[in-house]
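# Results of the structural survey
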Amino acid sequence: MSTTLIAPADADAIVSATVRVADAEVYYERTGTGPALVLVHGTGSSGSAVNWGQTRARFTAGHTVITPDLSGTDRTTDGGGPLTVEGLAAQVIAVIEDAGTGPVDLLGFSMGAPVSAAVAALRPDLVRRLILVSGWAHTEGDEYLRNIFTLWQQLGAFDPAAFGRAITMTGFSRGFLNTIGREQVELLIPNLPPTPGTLRHVDLDTRIDIRGLLPLIEAETLVIGATLDITVPVENSRALHAAIAHSSYAEIEAGHVAFFEKEDEFVALVDGFTRGGRA
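To start, this report covers the structure provided alongside it.

## Observations regarding empty space enclosed by the protein
Inspection of the entire model under this criterion finds one cavity of 30 Å³ or more. Taken as a whole, the largest cavity spans an internal volume of roughly 360 Å³. In terms of lining, the largest cavity is formed by 24 residues, of which the most central are Thr43, Asn51, Ile167, Leu192 and Val257. When residues of the lining of the largest cavity are assigned to their parent elements, the largest contribution, five residues, is made by helix α5 (residues 160-171).

## Notes on the side chain of Ser71
If you trace the backbone, Ser71 turns up in the loop between β5 (64-69) and α2 (85-99). Of the residues examined, Ser71 reaches a relative accessible area of 2% and is grouped as buried. A polar contact is formed between the side chain of Ser71 and the side chain of Gln91, at a distance of 2.7 Å. Leaving out residues up to four positions away in the same chain, Ser71 has contacts with Ala24, Thr76, Asp78, Leu83, Leu88, Gln91, Arg200 and His201.

## Quick word on the layout of surface pockets
The calculated volume of the largest pocket comes to roughly 180 Å³. Around the largest pocket sit 17 residues that line it, and Asp23, Ser71, Leu83, Gly87 and Gln91 are the ones nearest its centre. Residue contributions to the lining of the largest pocket peak at four residues, all from α2. Split by residue class, the lining of the largest pocket holds seven nonpolar, seven polar and three charged.

Definitions and limits used
- Residues numbered from 1 in each chain as written.
- Predicted model: local features only at pLDDT ≥ 70, side-chain atom pairs only at ≥ 80, totals over all residues.
- Heavy atoms only, no water.
- 1 Å grid on protein atoms, 1.4 Å probe; cavity = no way out; pocket = protein on both sides within 12 Å on 5 of 7 lines; lining within 4 Å.
- Points joined across faces, edges and corners; volume = space filled by probe spheres on them.
- Helix = DSSP H or I, 4+ residues; strand = E, 2+ residues; numbered from the N terminus.
- Buried < 20%, exposed > 50% of the residue type's maximum accessible area, 1.4 Å probe, protein only.
- Polar contact = N/O pair within 3.5 Å; in protein donor to acceptor, adjacent residues only side chain to side chain.
- Contact = heavy atoms within 4.5 Å.
- Nonpolar A, V, L, I, M, F, W, Y, C, P; charged D, E, K, R; others polar.

Written out as structure tokens, the structure reads:
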């Protein structure tokens, strides 16, 4: 492991580290004080910086926040092969063990939701509570999901500009996009370019299937669905809740990236659950 202090040595310092997992040198950051909360990003080579760069600070007063960057992201290097849920779960497990914070509260968003569910299923000793946001259990057999991820693959290969626009249009609700206006919408479009790493994530998205792992989850679980989600429709979150014992369920009236659109509501749900309350 290598460790670097990125900010002054205080409670708000961001400490970066790497841990070796198979052929990957996995990058992660740690900041804040209190019980550990691990935030697992979704699809995109920018990883935790884009997903959690704004929201992370909302949790650091009461948590040690840990944000791994999984294979396919810019700050983690590996051999470049096809990704698997189990392989990415092994990276999250290694980060939790390397950080040395004991059992954690584990939150996964989008692609990070099935990865986090796999962590909880395979290593129940490491997960105190589990939070799954805008996730899904399997792609094959759901023609909507299969087609949207296939469309992303094709746009990424042949029309990068259209890829960014499609991701923006499906990632956020119509109301949110109209509220922020054209200038801000256009600024969102370059945030998820179809880099080789991003397309490795999309390839995994087409192959997700964690149905066999869901009955193994022992941690108390909160599933959060987004009712206006065009990327992973809310029925997928409802199905996750139905398949996981000891789970509770909440919905946010927002698009896929609900923590951007309704940050206060999202933070309140997560804080309430991790402090021991039910949703």
